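Inside the fold
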Amino acid sequence: MTEFQAAISKAANELYLTAFSQYELHIDPQRPFEENLLCLLNEQLQITKANRIKRRLRYAGFPQLKTLDQFEMSKKRLPYLNFDEVRDLAGCRFIEEKADIVAVGPAGHGKTHLSLAIGYEAIKQGYTVRFKRASELVNEMNEAKSDKHLTDYMRVLNRCKLLIIDEVGYLNYDEKASSLFFQIVGARYESASTFYTTNLEFSKWKQFIGDEILASAIVDRIAHHAVILNMNGPKGWRLDHARSNSKKQNAGSGQKQ
C-alpha cells in the first residue's frame, strides 16, 4: 500500500466512508474521474442505507425478521383477507395518515408475521418502529409508573411513527392494566399509527378489559381510523406446518424400514 493509499484509507475510515476506504474495488482507471466518483458515492449510499436499516431494526426490537415475500397470500388459508389492501399498506401511506391497523384472527394465522413484515417495510422507508407484546407493554408501563417514570416512558415510546402491539386479548387485564392500555391507545390516537394484532373481534374486547365503558372507549379510538384485516380462516399455519412435518417424518421412517 502506498503512502497515498494509506492516507486515503485512514481518512475514509475516520469519516465512516467504507466504500472510499476500499476504493480500489469500485473504481476503474479507464473511466473518467467523475464517473468513478459517482460510482463510489452510490456504493457508499447503499452501505449507509443498509446500516440505517440495521440500526432501526435493533431499535424496533423485532423478535425476528419477517418479510411480505415470506407471507403466504393464500385465499384457501385466509379467505377473508384482502391481499390488495395488504400490498397497499406496505406502501406505508397509512403512517402519514396516522391511521391504525387491526389484524383479527385466531392464533397461527400469520398476524404477527404480517405486522412484522409491514413494520420492516416502514423501516426501509425511513420510519421509526417499535414492537411490543401487549403483556410486555402493560408490564413495562406498570414498572415505569411505580418508578414515577411513566410520562417519560410514554414520551419515548410515542416518538416512533409505528408501534406494533402484538397479542392483544390473549391475557385478561386487571383494572390497573386496562387503565394503562387505555393511556397508550389514547396517547397515540390521531397522533401516530399503531398496528394491533388480536384474537378477538372488537365486540369481545370487554372479555379481557373487564370494564364495558373502558372497553368501549378503547375500541372507539382504535376503530375510528383503522384498517381492519380479517385473518380468520379454516386452519392455522403452525398446525398445518406441524402436520406437514409429521407426514414427512413418517414418510422418512417408512423408507428406512
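With 13 residues, helix H7 (residues 134-146) should cover 18 Å at 1.5 Å per step; its first-to-last C-alpha distance of 18 Å lies within 8% of that length. Residues of H7 that are buried include every one of Ala 134, Leu 137, Val 138, Met 141 and Ala 144, and no others. Projected onto a plane normal to the axis of H7, the buried residues spread over an arc of 125° and lie on a single side. Of the exposed residues in H7, the ones pointing more than 90 degrees away from its buried face are Glu 143 and Ser 146. Tucked inside the fold, the buried residues of H7 contact strand E2 (129-133), helix H8 (150-157), strand E3 (162-168) and helix H9 (175-188). The positive-phi residue at the C-terminal boundary of H7 is Lys 148, with phi of around 60°.

What follows concerns the layout of surface pockets. Estimated volume of the second largest pocket: approximately 160 Å³. Considering the residues around the second largest pocket, the lining is formed by Ser 135, Val 138, Asn 139, Asn 142, Leu 171, Asn 172, Tyr 173, Asp 174, Lys 176 and Ala 177. Only H7 and H9 provide two or more residues apiece to the lining of the second largest pocket. Top element by residues in the lining of the second largest pocket is H7. It accounts for four residues. When grouped by side-chain class, the residues that make up the lining of the second largest pocket number four nonpolar, four polar and two charged.

Another aspect to go through is the confidence of the model for the protein chain. The share of residues in the protein chain with pLDDT of 70 or more is 91%, and the mean pLDDT across the chain is 90. Here residues 241-247 is a poorly scored stretch, pLDDT under 50, and it has zero contacts once near neighbours within four places are set aside; other chains count.

Right, let's talk about the pattern of salt bridges for a bit. Going through the model one piece at a time under the given rule, you end up with nine salt bridges. Across the pair Arg 77 and Glu 72 runs a salt bridge, and its minimum N-O distance is 3.5 Å. A salt bridge links Arg 93 to Asp 88, with the nearest nitrogen and oxygen atoms 3.3 Å apart. Since its relative accessible area comes to 48%, Arg 93 is described here as partly exposed. Among the charged side chains, a salt-bridge network with shared partners connects Asp 88, Arg 93 and Glu 97.

A cluster of basic residues, Lys 49, Arg 52, Lys 54, Arg 55 and Arg 58, forms a positive patch on the protein surface. Of note, Arg 52 is situated in helix H3 (residues 33-60).

Turning our attention to the packing of aromatic side chains. On inspection of all chains with the given rule, the structure shows five aromatic pairs. Ring centres 6.5 Å apart and planes at 75° place the aromatic pair Phe 62 and Phe 131 in the edge-to-face group. Placement of Phe 62 in the loop between H3 and helix H4 (83-89) and of Phe 131 in strand E2 is noted, with a sequence separation of 69 residues between them. When the ring centre of Phe 71 is taken as origin, the NZ or CZ atom of Arg 77, which lies over that ring, is 5.9 Å away. Here Arg 130 stacks its cationic end above the ring of Tyr 59, 4.6 Å away from the centre of that ring.

Calculation notes
Residues numbered from 1 in each chain as written. Predicted model: local features only at pLDDT ≥ 70, side-chain atom pairs only at ≥ 80, totals over all residues. Heavy atoms only, no water. Helix = DSSP H or I, 4+ residues; strand = E, 2+ residues; numbered from the N terminus. Expected span 1.5 Å × (residues − 1). Buried < 20%, exposed > 50% of the residue type's maximum accessible area, 1.4 Å probe, protein only. Arc of directions from axis to C-beta. Contact = heavy atoms within 4.5 Å. 1 Å grid on protein atoms, 1.4 Å probe; cavity = no way out; pocket = protein on both sides within 12 Å on 5 of 7 lines; lining within 4 Å. Points joined across faces, edges and corners; volume = space filled by probe spheres on them. Nonpolar A, V, L, I, M, F, W, Y, C, P; charged D, E, K, R; others polar. pLDDT = per-residue confidence, 0-100. Salt bridge = Lys/Arg side-chain N within 4 Å of Asp/Glu carboxyl O. Patch = residues over 30% accessible without salt bridge, like charges linked within 9 Å, V, L, I, M, F, W, Y side chains within 5 Å. Areas by Shrake-Rupley, 256 points an atom, 1.4 Å probe, with all protein chains shown as cover. Lys, Arg positive; Asp, Glu negative; His and termini not counted. Charge placed at Lys NZ, Arg CZ, Asp CG, Glu CD. Phe/Tyr/Trp six-rings, centres within 6.5 Å; stacked < 30°, edge-to-face > 60°. Lys NZ or Arg CZ within 6 Å of the ring centre and 35° of its normal.

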